[in-house]
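Chain and residue survey
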Amino acid sequence: MNNSVGNTARLIGAGLRALLVLTVICGVIYPLAVTGIAQALFNDKANGSEIKDKSGQVAGSSLIGQSYNLPKQNPDDAEEAAKPDLKWFQPRPSNGLGSNSVNTQYSLILSGATNRSADNGAVNGQCTKDAEEGTLCAQVVAAKEAVIADNSTACYTVKPEDVPADAVTSSGSGLDPNISPEYAKLQVHRVAEQNKLDVKQVERLVEQNTAGRTLGFMGEPRVNVLELNIALKALTSKS
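Remember, it's a predicted structure, so these values are computed and weren't measured experimentally. (Residues numbered from 1 in each chain as written. Predicted model: local features only at pLDDT ≥ 70, side-chain atom pairs only at ≥ 80, totals over all residues. Heavy atoms only, no water.)

**With respect to the overall build of the protein chain**
For the protein chain, the helix and strand inventory stands at seven helices and five strands. Helices (α) and strands (β) of the protein chain occur, in sequence order from the N terminus, as α-α-β-β-α-β-α-α-α-β-β-α. Scored against the burial criterion, the 239 residues of the protein chain give a buried share of 29%. In the protein chain, once contacts between residues fewer than 6 apart in sequence are set aside, the share between residues at least 24 apart is 51%. Accessible area of the protein chain: about 15500 Å², with a carbon and sulfur share of 56%. (Helix = DSSP H or I, 4+ residues; strand = E, 2+ residues; numbered from the N terminus. Buried < 20%, exposed > 50% of the residue type's maximum accessible area, 1.4 Å probe, protein only. Contact = heavy atoms within 4.5 Å. Areas by Shrake-Rupley, 256 points an atom, 1.4 Å probe, with all protein chains shown as cover.)

Structure representation (structure tokens):
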């Protein structure tokens with residue numbers, strides 16, 4: 001009996017010692033080591049790829065898209081559609097999957113796509129104004145009309161064939177922070193007019209904030225909307 005109790009006590013003691021050692025290694029030493037290495041070698045990425053403005057204030061993350069809308073006339077009206085603030089470059093449509101009361105800069109509570117097929121709502125294989133309301137084609141047609149109307153100015157008219165795909169469709173995650181250079185250039189005249197800037201100045205701004213393919217061959221050229229709008233804000237403050 002005494003041997004049995006002694007063996008049990010030794011097993012319990014060994015188990016507790018193993019638990020303590022593993023807790024210290026896996027719960028303290030390892031997380032501290034990984035955090036230290038991340039902060040030393042990948043400080044920017046480890047802290048959320050933050051983008052700061054000229055004052056040093058964090059404006060957002062280079063990995064998460066933001067909306068640039070006018071304040072709602074009735075903040076309590078959940079049904080009131082957001083209207084874009086046309087003095088800023090606009091991102092891709094977000095087509096949010098739900099409301100988010102924490103981060104009101106983006107109307108997404110989850111990341112994901114609509115999972116609708118490319119011909120959802122198509123009439124005879126094409127997206128037309130006759131597409132059923134609520135379908136993907138109806139959203140694309142409405143978004144295209146809005147892009148043309150918003151970006152046409154007194155001296156520049158947007159043609160339907162000039163509207164790129166990313167101007168009327170959301171990304172697979174719905175959180176894409178980038179737009180194509182074509183969509184950025186399409187917005188140049190409107191941004192210049194709204195901010196009383198020369199078109200050439202805004203075109204130069206887009207060129208300066210256009211990133212090429214990763215490693216020269218992966219992906220597509222892109223423009224980070226947040227970085228572009230921060231540069232635009234700095235430019236307008238000088239004018």
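So much for the structure itself; the text now carries on.
**Overview of the layout of surface pockets**
The computed volume of the second largest pocket comes to approximately 230 Å³. Around the second largest pocket sit 13 residues that line it, and Q66, Y68, W88, L226 and K233 are the ones nearest its centre. With four residues, the single largest contributor to the lining of the second largest pocket is helix α7 (residues 225–238). Of the residues assigned to the lining of the second largest pocket, the class counts are five nonpolar, five polar and three charged. (1 Å grid on protein atoms, 1.4 Å probe; cavity = no way out; pocket = protein on both sides within 12 Å on 5 of 7 lines; lining within 4 Å. Points joined across faces, edges and corners; volume = space filled by probe spheres on them. Nonpolar A, V, L, I, M, F, W, Y, C, P; charged D, E, K, R; others polar.)

**So, the state of the cysteines**
Summed over all chains, the structure comprises one disulfide. In this model, C127 is linked to C137 through a disulfide, with the two sulfur atoms separated by 2.0 Å. Its S-S torsion of about -55° marks the bond between C127 and C137 as left-handed, since a negative value means left-handed. Within this pair, whereas C127 is found in the loop between β2 (58–61) and α3 (136–151), its partner C137 is found in helix α3, the two being separated by ten residues in sequence. Judged by relative accessible area, C127 falls into the partly exposed class, the value being 38%. Here C137 falls in the buried class, since its relative accessible area comes to 1%. (Disulfide = S-S within 2.5 Å.)

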